[in-house]
Amino acid sequence: MHSKYIKEQCKTVGKLIIFFDQPLGRGPNGIVHDGRNENVIPVAVKSVKKTKDNGPFIKQLRSLYRVLKKVGGSDETVSYVTMEEDVRTIYIATQRCGIDSSKVLKNGGFKNKRKIIKALCKAIKFLHLRGIVHGKLHPGNVRFDEKIAKLVDFGVNNLLPGTHVKWMSPEQRKADKSSYEATAADDIFSLAILIYYIYTNGKHLFGDPSTQEENIRKNNPKFTGCNDWELKHLILAMITKNPKKRPNINQVLKHPFFWSNEFRLHFVKDVVKHIKKQKFKKTKKDIDSRLNLVSNGRWHKELGPEWNVFLKKENKRHKCESTFSGLLYFIRNKSEHDEWEREIELFTLLSNDKHPQQTVDANSYMRFFMQKFPTLILVLATTKCVERLPLNKKFVLPSLYSFGDASKLIH
């Protein structure tokens, strides 16, 4: 009886050993089992039943596997290991890694959120550059650990009908599921919902299940629990109703949401370098006209009383105007050196930073100003005239066609 049980619960198919007693997951399109490859390395094995009606699909699946196997994997995507089949079933084995989102949420939520979000975007870039569309992005198709996120089931999902409609774009939801072929724009829409899910530890971008369908149809996102203006700006572009106007994945990854504080500081310094010149006087004026999108009034007062004492000293050397460009000049002037350790006075002023550090550096310095003025970089980067400045080529500003002016969001 024991040997019969073992035989029923374990099966060898080609180079795979498949264990059926404890499935790793279940979905509308098949079951994922624990398995081992020819080197006895753990793999996840997805089984898809063959039927008399899905012959064309099985043929497509074999062809797709050959493509995916050739493409390989990346740091952010799992690798396809092998594909085997018997008379009744086809088995697709992939690399095993991480845990699913439900376990992450039970363990206290997502850590290193921006890093995980960037990893997912890089995974989509890896696929799109190779002409592969995921087709059904949702939390169940991502594996997480403390340092990274890995995308699974890509490519194959585009051939399978599914039930994860609350993660799909409007056009994908409306389409004939048996013939619709998902596009890169569909992935961008779904990725936006997934990004929000990670950032808010499990919230859906379009609200509660009872209203999600209507909110998706009306393009009415619910940013409950999200106070990051850059993220809102990014997501709104990614869920644009017209799929042709959605940014591509390269544009997504270059959005200011992903900029480091050091990169933001270098951007400010580059802008200031140019608007000081007489020929860019109009650009400086246009920037100053947007101060109300960054500050509630005089930016000096928002820095606090300790900074005002500091500013009085600075004004003797550099006049600090109460304009947007005046704020940019001030940020630039105090960062025009590499000897941060000598800035004892700055260390005291930055001590109110939510992330106190032993030393003052470009990161802690710019982070302080981003906490005081959260829209600063977004407003500056979406000021139309700024894109005409001869900035360093490493600063790729958000396309106003795809992303729009931040003023519409902030107002």
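Higher on the page you've got the structure.
What you are looking at is a predicted structure, and each value in this text was computed from that prediction instead of being measured. (Residues numbered from 1 in each chain as written. Predicted model: local features only at pLDDT ≥ 70, side-chain atom pairs only at ≥ 80, totals over all residues. Heavy atoms only, no water.)

Participant: Go over the pattern of salt bridges with me, naming the residues and quoting the values.
Facilitator: Under the criterion given, the structure shown has 14 salt bridges. Here Arg114 ties to Asp228 by a salt bridge, and the two come within 2.6 Å at their closest N and O atoms. Linking Arg114 in helix 4 (residues 113–128) with Asp228 in the loop between helix 7 (209–217) and helix 8 (229–238), this pair joins segments that are 114 residues apart in sequence. Note on Arg114: relative accessible area 35%, which makes it partly exposed. (Salt bridge = Lys/Arg side-chain N within 4 Å of Asp/Glu carboxyl O. Helix = DSSP H or I, 4+ residues; strand = E, 2+ residues; numbered from the N terminus. Buried < 20%, exposed > 50% of the residue type's maximum accessible area, 1.4 Å probe, protein only.)

Participant: Tell me about unusual backbone geometry, and please be specific about residues and values.
Facilitator: Even without being a glycine, Asn112 presents a positive backbone phi close to 50°. Along the chain, Asn112 falls in the loop between helix 3 (101–106) and helix 4. The exposure class assigned to Asn112 is partly exposed, which follows from its relative accessible area of 46%. Even without glycine at this site, Asn219 takes up a positive phi of about 55°. Residue classification places Asn219 among the partly exposed positions, given a relative accessible area of 24%.

Participant: Describe the environment of Cys320, and please don't skip the residues or the numbers.
Facilitator: Assignment of secondary structure puts Cys320 in the loop between helix 13 (305–315) and helix 14 (324–333). Judged by relative accessible area, which is 9%, Cys320 ranks as buried. Taking the C-alpha atoms as reference, Cys320 lies 6.5 Å from Phe330; in sequence the two are 10 residues apart.

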